[in-house]
Amino acid sequence: MPRTFLPFAVDDISALARSLRSQLAARTDPPGHVEMLNMLARAAGARNFQHFRAQTAAEPSPPTPETGPEPDLTLVERTARHFDDQGRLATWPARTSLQSLALWGLWARIPADAIFSEIEFNHRLNVVSQIGDPALLRRSMVHAGLVSRTDDCRDYRRVERLPTPEALALIRRLSAG
């Protein structure tokens, strides 16, 4: 039988500790597995473990990077059409939503924790794109918060961020390419 994972969180760990301590002090022998589950559930505010399990099953689980919201695959497909078979940006999209998603495809091909001069960064952008306008890409990436640059525009660095679901789908598609 597959194991069902139940998230366990409490607002006040001090109250949890007090509740567990008083429940354990009332016992003469160590609790068994089910008794311990019931004690934890009561300390978290449920009547017993079955009540806790029913409450948890009724609540929608919060999105995580693995199970987060589903990406808009139509948007991903439209953006992917602007890339060639090697994952290079072949044409600059006309729509802003496609442009910002395409920038994530370029972002993924920039090494993390590397610092580039403007010339090196332009060269890197020319390697991952064929549109011939690294200044447009560079400015767009800075404006989107995907790349940071110094005030004198000498040094460029990729900003580490969690990609959107659509960006993750596009990056996977381009890397599988």
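Look up a bit, the structure's there.
Being a predicted model, the structure only gives us computed values, none of them experimental.

Novice: Hey, could you run me through the overall build of the protein in this one?
Specialist: Within the protein, the regular secondary structure consists of eight helices and three strands. Reading the secondary structure of the protein in the N-to-C direction produces α-α-α-α-α-β-α-α-β-β-α. A globule of 177 residues ought to have a C-alpha radius of gyration of about 16 Å, yet the protein, at 25 Å, is considerably larger. If you line up the protein on its principal axes, its C-alpha atoms span 75 × 35 × 25 Å. Sorting the 177 residues of the protein into buried and exposed places 32% on the buried side. Across the protein, every contact between residues at least 6 apart in sequence was considered, and the portion connecting residues at least 24 apart equals 51%.

Novice: What's the story with the packing of helix α5 (residues 96-107) against helix α7 (residues 134-143) in this structure? I'm lost.
Specialist: Geometrically, a packed helix pair is captured by the angle between its two axes and the distance between the axes. For the pair α5 and α7, interaxial distance at closest approach is 10 Å and the crossing angle is 100°. Between α5 and α7, the interaxial angle falls into the category roughly perpendicular. Contact residues: α5 offers L103, L106 and W107, while α7 offers L137, S140 and M141. Across the contact of α5 with α7, the residue classes break down as five nonpolar, one polar and no charged.

Novice: Is there a simple way to explain the pattern of salt bridges in this structure?
Specialist: Proximity of charged atoms lets side chains of opposite charge pair with each other. Taken as a whole and judged by the stated rule, the model has eight salt bridges. Of the charged contacts in the structure, one is a salt bridge between E77 and R81, with a shortest N-O distance of 3.8 Å. Exposure remark for E77: the relative accessible area of 29% places this residue in the partly exposed category. Residue R81 is classed as exposed on the basis of its relative accessible area of 59%. Taken together, the shared-partner salt bridges in this structure form one network comprising R27, D29 and E35.

Novice: Help me understand the nonpolar core in this model?
Specialist: Side chains of a nonpolar character, in soluble globular proteins, are inclined to be buried together. If you look at the biggest cluster of nonpolar residues, it comprises 27 residues, and the most contacted ones within it are F83, L106, F121, M141 and L170. When contributions to this core are tallied by element, the ones reaching two or more residues are α4 (73-80), α5, α6 (118-128), α7 and α8 (165-176). Considering every element that reaches this core, the biggest residue donor is α5, with seven residues. Excluding residues that lie within four positions of it along the chain, L170 makes contacts with V76, T79, A80, F83, L101, A102 and G105.

Novice: Looking at this model, I keep getting lost on the packing of aromatic side chains. Mind explaining?
Specialist: Geometry of an aromatic ring pair is reported as the spacing of the ring centres plus the angle between the planes. A complete count under the given rule lists four aromatic pairs for this structure. Their ring planes at 75° and their centres at 5.0 Å tell us that W104 and W107 sit as a pair that is edge-to-face. Placement of both W104 and W107 in helix α5 is noted, with a separation of three residues, approximately one turn of the helix. A residue is classified by how much of its surface remains accessible, and W104, at 7% relative accessible area, is buried. By relative accessible area, which is 5% here, W107 ends up buried. A ring pair is formed by F121 and Y156, whose centres lie 5.2 Å apart and whose planes are at 5°; its orientation type is stacked. Linking F121 in helix α6 with Y156 in strand β3 (residues 155-158), this pair joins segments that are 35 residues apart in sequence. Just as F121 is buried, Y156 falls in that class too.

Novice: For this particular structure, what's the right way to read unusual backbone geometry?
Specialist: Trans peptide bonds make up most of the peptide bonds, and negative phi angles are found at most residues other than glycine. At D113, a residue that is not glycine, the phi angle is positive and equals roughly 65°. Among the structural elements, D113 can be located in the loop between α5 and β1 (115-117). Phi is positive for C153, close to 60°, though the residue is something other than glycine. Looking at the element boundaries, C153 is found in the loop between β2 (147-149) and β3. A relative accessible area of 27% places C153 in the partly exposed class.

How each quantity is defined
The numbers attached to residues start from 1 for each chain and follow its sequence in the written order. Confidence filtering applies because this is a predicted model: local features only for residues at pLDDT of at least 70, side-chain atom pairs given and counted only at 80 or more, and all residues used for totals across whole chains, interfaces and linings. With hydrogens and water excluded, all non-hydrogen atoms of the structure serve as input to the side-chain values. Numbered from the N terminus, helices here are DSSP runs of H or I no shorter than four residues, and strands are runs of E no shorter than two. Each radius of gyration is computed over the set of C-alpha atoms, and the globule rule expresses the reference value as 2.2 Å times the number of residues to the power 0.38. Partly exposed describes any residue whose relative accessible area lies between the buried limit of under 20% and the exposed limit of over 50%, with all areas from a 1.4 Å probe on protein chains only and scaled to the type maximum. Residues are treated as being in contact if the distance between any of their heavy atoms lies within 4.5 Å. In this analysis, axes come from line fits to C-alpha atoms, helices being fitted only over the stretch in contact, and the angle between any two N-to-C directions falls in the range 0 to 180 degrees. Here the angle decides the label: under 35 degrees means roughly parallel, over 145 means roughly antiparallel, 65 to 115 means roughly perpendicular, and every other value means oblique. Each residue gets one of three labels, nonpolar for Ala, Val, Leu, Ile, Met, Phe, Trp, Tyr, Cys and Pro, charged for Asp, Glu, Lys and Arg, and polar for the others, Gly among them. Between Lys or Arg on one side and Asp or Glu on the other, a salt bridge is scored when a side-chain nitrogen of the former is within 4 Å of a carboxyl oxygen of the latter. The term nonpolar core refers to a set of buried residues drawn from Ala, Val, Leu, Ile, Met, Phe, Trp, Tyr and Cys, joined through side-chain atoms within 4.5 Å. Each pair of aromatic rings taken from Phe, Tyr and Trp, with Trp reduced to its six-membered ring, is defined by centres within 6.5 Å and is described as stacked if the planes are under 30 degrees apart, edge-to-face if over 60, and tilted in the remaining cases.

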